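Tertiary structure, described
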Amino acid sequence: MTEQDRATVNDPRGPVNNGEGHQYVFYGVGADWMIRKGVESLRIPREDRVRLADRFVRPVGYRIAAGCLEKPGSVVLLEAAPGSGRRAAAIMLLHELGEDAGAEEEQEEDRFEELPAADKDEATLAPGEGDRFLLDLSGIADEEAYAKAQRLLVVRRSQVQEAGAHMVVVLPSGMEHAHAPELEPHTVALGRPRGIAVVTRYLRMDRMAFHSTDLGSYDLQRLCERSPMRELARLAGLVRSARDSGRFGVDFAGWLDQAMHAVTDRAGEVGRQVATVRTAPERALLLAAAVFEEARADTVYEAWHGLMRTVRHEEETTTELARTDFGERLATLGIERDLEGRLHFGRLAYADAVRTYFWANFPGTRDDLRNWIGRAAGLRGLTTDDRVNVVVRFGERSLAVGRPDHLFDLVVRWADHATGASCDPRAVAALELGLSHERFGGWFRRRMYECARSGPLSDGLVRVLTAACLQSLGATHPDQAMVRLHYLAVRKGEAARGAREVLLDLAGRDRRPYRLLIDRLRDRTRREPRGAELHLQLLAELLRSDRAPEPPPWPDLFLGWETVFSQPPTELWNLLVISWLNAAAGDSTREMALGVMVGATHGRTAALHRLYAIACDWAGPRHHPSRAAVAALFWQHIDNAQYVRTESAKRAGAGPRTTEEAR
């Protein structure tokens, strides 16, 4: 069980994230790679929920909350202390609700979404029956913000109840006096699960061989009683890392000992080392090795000198042969070089603690560190994995000290300088890391929105924004992803064409996003005369048979076709109509499209004539005879529409009729 609350098991000088972290996969256009360390995800997709379920230990009060959530339209508010696993419990309550309904048959269109704490985003809720929503208010710290969040919560609760959906809300700690009385009946208090049970569960799932007596030490028991669930999950991850590295012995006791030191002692150890390392070159090497750990020694050497130039340290006047050699410098700092020439610190998770220390205690250097990473993450000696590791390490520290702008600055810089038609993996990794951050995920979504709506963008940045929408935002906030992709898609250039393809693909995955995009494009076609042609072109392509979800949503298609056919006939009509004629010829269940399309013209003569001409050309003598039957059916619908329109016109122009005339 994981917990998002920021807490520490180190000394009072502040929290140090010494763990090896969870496994996150970040995807780019045409490539994918593993990021070894990441920030806790804002939203957990199904495969990650399944992984969490394997490691989850139910807290006190969980069964009561689960019982309250069973009924359609239920809303449960969780009240729990920070560090108790309250967010993980909320996720599991919603996940297990879906599992009870059929674990292996969970449909793609079933929604499991996290709602923003504040109503700052442009997408509406619009819940459906069975949808599941998570609302995490635990980060709210002042009464005014909490009062606003509760007013919005009342509205959302009503929408969820009316739709037969389900919602779990994580309440902020220390704000009990400000709870709205009408929400009290829906509140369930959760206790803290046994810490040692959490550690045991994680270790078992990592196939760690140990006996229960191996976890009996006083220090470990004390740690498990006091530490947040997030720290306990990290501790177990460090035991696994110590085992997998092969550098810390071959027995569980040794691995656990290294992990215990990593989470309890590293902050003090780094502080003492930096106090003894007084020169700028030594400190710069310590930091460079921590940021570029596991890279080759020559590359770290290059990054080290780049850092000294960035912080404007003057080069030594003596020749390098007269100075302390690089290997001796490394050994003095406790940095080891393995047989492949890659650098590691001798102690588990020491590099994490070094990075944390420098970002926390040298705030005046943060701008320089951003500029250094901007250049050093592109060094020739780095592999793609090395580069992404560097980006994640820099991003973790920048977000931890409240500087998301530093990370986004590098996204733009790397994307703008990308060459060719591929995405810069560093930019994609940095943006996806920001989007997945619990505290700053909303900040990055807003920056993407502002960029997508702004003036000129480089093709490289359009591609990075598109990739992030496809692989990250599309999985967590699909409505918002479509909004941003729409703005990117109506731009000019090759990159915009890629955004259009991603937008149409994302919308066609199921009925709900398909309907939302049709509504959005219809609205923009009416409201924006200058850009109507681009919106109409997107709409016509979206309405083709190969873009529609299965089964075809005929009411939505009717509304979309109605908008297209209300405009003067253009070449846009040809591909649209022909796609459905082809579909009807290959599948009789698609023949309904013929009547719906004709109905969408509302009998306008010019539109009917154009549809007739398109069908004539499609079923002409040059083509297969099987098309004739489909065309004949289409023409019959057109004839019927013309007859109805003619009769209506006659009645409208004839004036009042006598009873005899009516007969």
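Conventions adopted
Residues numbered from 1 in each chain as written. Predicted model: local features only at pLDDT ≥ 70, side-chain atom pairs only at ≥ 80, totals over all residues. Heavy atoms only, no water. Helix = DSSP H or I, 4+ residues; strand = E, 2+ residues; numbered from the N terminus. Buried < 20%, exposed > 50% of the residue type's maximum accessible area, 1.4 Å probe, protein only. Areas by Shrake-Rupley, 256 points an atom, 1.4 Å probe, with all protein chains shown as cover. Core = buried A, V, L, I, M, F, W, Y, C linked by side-chain atoms within 4.5 Å. Contact = heavy atoms within 4.5 Å. Pairing = 2+ DSSP bridges. Axes fitted to C-alpha atoms, helices over the stretch in contact; angles between N-to-C directions. Right-handed = clockwise from strand over helix to strand, strands pointing away. Polar contact = N/O pair within 3.5 Å; in protein donor to acceptor, adjacent residues only side chain to side chain. Expected span 1.5 Å × (residues − 1). Parallel < 35°, antiparallel > 145°, perpendicular 65-115°, else oblique. Left-handed = near helix turned anticlockwise from the far one by under 90°. Salt bridge = Lys/Arg side-chain N within 4 Å of Asp/Glu carboxyl O. pLDDT = per-residue confidence, 0-100. Arc of directions from axis to C-beta. Nonpolar A, V, L, I, M, F, W, Y, C, P; charged D, E, K, R; others polar.

Notes on the overall build of the protein chain
Along the protein chain, the regular secondary structure elements total 29 helices and nine strands. Residues counted as buried form 53% of the 663 residues belonging to the protein chain. Put simply, the protein chain shows about 30100 Å² of open surface, and 51% of that area lies on carbon and sulfur atoms.

A short note on the nonpolar core
Of all hydrophobic cores here, the largest spans 127 residues; its most connected members are F292, W372, L431, W561, F565, W580 and F634. With near-sequence residues (within four places) excluded, L431 lies in contact with F408, V411, F444, M448, V464, L465 and A468. Judged by nonpolar contacts, the second largest core, of 52 residues, contains L190, A233, F252 and L256.

Considering the sheet that holds strand β7 (residues 187-189)
Taking strand neighbours across the sheet as the criterion, the five strands line up as β4-β5-β6-β3-β7 in an open arrangement whose pairing is parallel. Only two strands of the sheet have a single partner each, and these edge strands are β4 (112-115) and β7. Between one strand axis and the next, the sheet turns through 25° on average, direction left out of account. Across the sheet, helix α2 (residues 62-69) touches β3 (75-79), β6 (166-170) and β7, and the angle it forms with β3 is around 160°.

Remarks on the pairing of strand β5 (residues 132-136)
Burial within β5 is extensive, with five of its five residues counted as buried. Of the two faces of β5, the one holding R132, L134 and D136 and the one holding F133 and L135 are both buried throughout. Here β4 pairs with β5 via four bridges, running parallel. Across the sheet, E113 pairs through a bridge with F133, a residue of β5. Of the pairings in the sheet, the one linking β5 to β6 comprises five bridges and is parallel in character. Across the sheet, the residue bridging to F133 is M167, located in β6. In terms of handedness, the path from β5 via helix α4 (residues 143-163) over to β6 forms a crossover that is right-handed.

Remarks on the environment of R132
Here R132 shows up in strand β5. Once the C-alpha coordinates of R132 and V75 are considered, the two residues, 57 residues apart in sequence, prove to be 10.0 Å apart. A polar atom in the side chain of R132 sits 2.9 Å from the backbone oxygen of L94.

Section: helix α15 (residues 384-400)
Over its 17 residues, α15 extends 24 Å from the first C-alpha to the last, a length consistent with the 24 Å expected when each residue adds 1.5 Å. For α15, the buried fraction is high: 14 of the 17 residues fall into the buried class. Two residues or fewer after α15 comes G402, characterised by a positive phi angle close to 75°.

Details of the packing of helix α11 (residues 297-310) against helix α14 (residues 366-376)
Taken N-terminus to C-terminus, the directions of α11 and α14 make an angle of 140°; their axes are 9 Å apart at the nearest point. When the interaxial angle is binned, α11 and α14 end up oblique. In this structure, α11 meets α14 at a crossing whose hand is right-handed. Together, A303, G306, L307 and T310 of α11 and D368, L369, N371, W372 and R375 of α14 make up the contact between the two elements.

Observations concerning the pattern of salt bridges
A full pass over the atoms with the stated rule returns 32 salt bridges. Across the salt bridge formed by E269 and R347, the nearest N and O atoms sit 3.5 Å from each other. Within this pair, whereas E269 is found in helix α9 (residues 266-276), its partner R347 is found in the loop between β9 (343-345) and α13 (350-361), the two being separated by 78 residues in sequence. E269 gets classed as buried once you look at its relative accessible area, which sits at 16%. One salt-bridge network, held together by shared partners, links E501, E541, R544, D546 and R547.

Focus on the confidence of the model for the protein chain
In the predicted model, the protein chain carries a mean pLDDT of 86, and the fraction of residues at 70 or more is 88%. The low-confidence segment residues 654-663, where pLDDT is below 50, has two contacts with residues more than four positions distant or belonging to other chains.

Description of the pairing of β6
Where a strand is regular, its side chains alternate between the two sheet faces. Most of β6 is tucked away, with five of its five residues classed as buried. Going residue by residue along β6, you find H166, V168 and V170 tucked away on one face and M167 and V169 tucked away on the opposite face as well.

Observations concerning the environment of G474
As for its placement among the helices and strands, G474 is situated in helix α19 (residues 459-476). Classification of G474 as buried rests on a relative accessible area of 10%.

With respect to helix α5 (residues 195-205)
Within the span of α5, buried status applies to G195, I196, V198, V199, Y202 and L203. One side of α5 holds all its buried residues, which, seen down the axis, span an arc of 160°. The positive-phi residue at the C-terminal boundary of α5 is R207, with phi of around 55°.

Points about the side chain of S84
Its place among the elements puts S84 in the loop between β3 and α3 (86-100). The class of S84 is buried, set by a relative accessible area of 5%.

Re the packing of α9 against α13
One way to put it is that α9 packs onto α13 with a least axis distance of 9 Å and a crossing angle of 65°. For α9 against α13, the interelement crossing comes out right-handed. For the pair α9 and α13, the contacting residues are R266, E269, V270, G271, Q273 and V274 in the first and Y350, A353, V354, Y357 and F358 in the second. By residue class, the composition of the contact of α9 with α13 is seven nonpolar, two polar and two charged.

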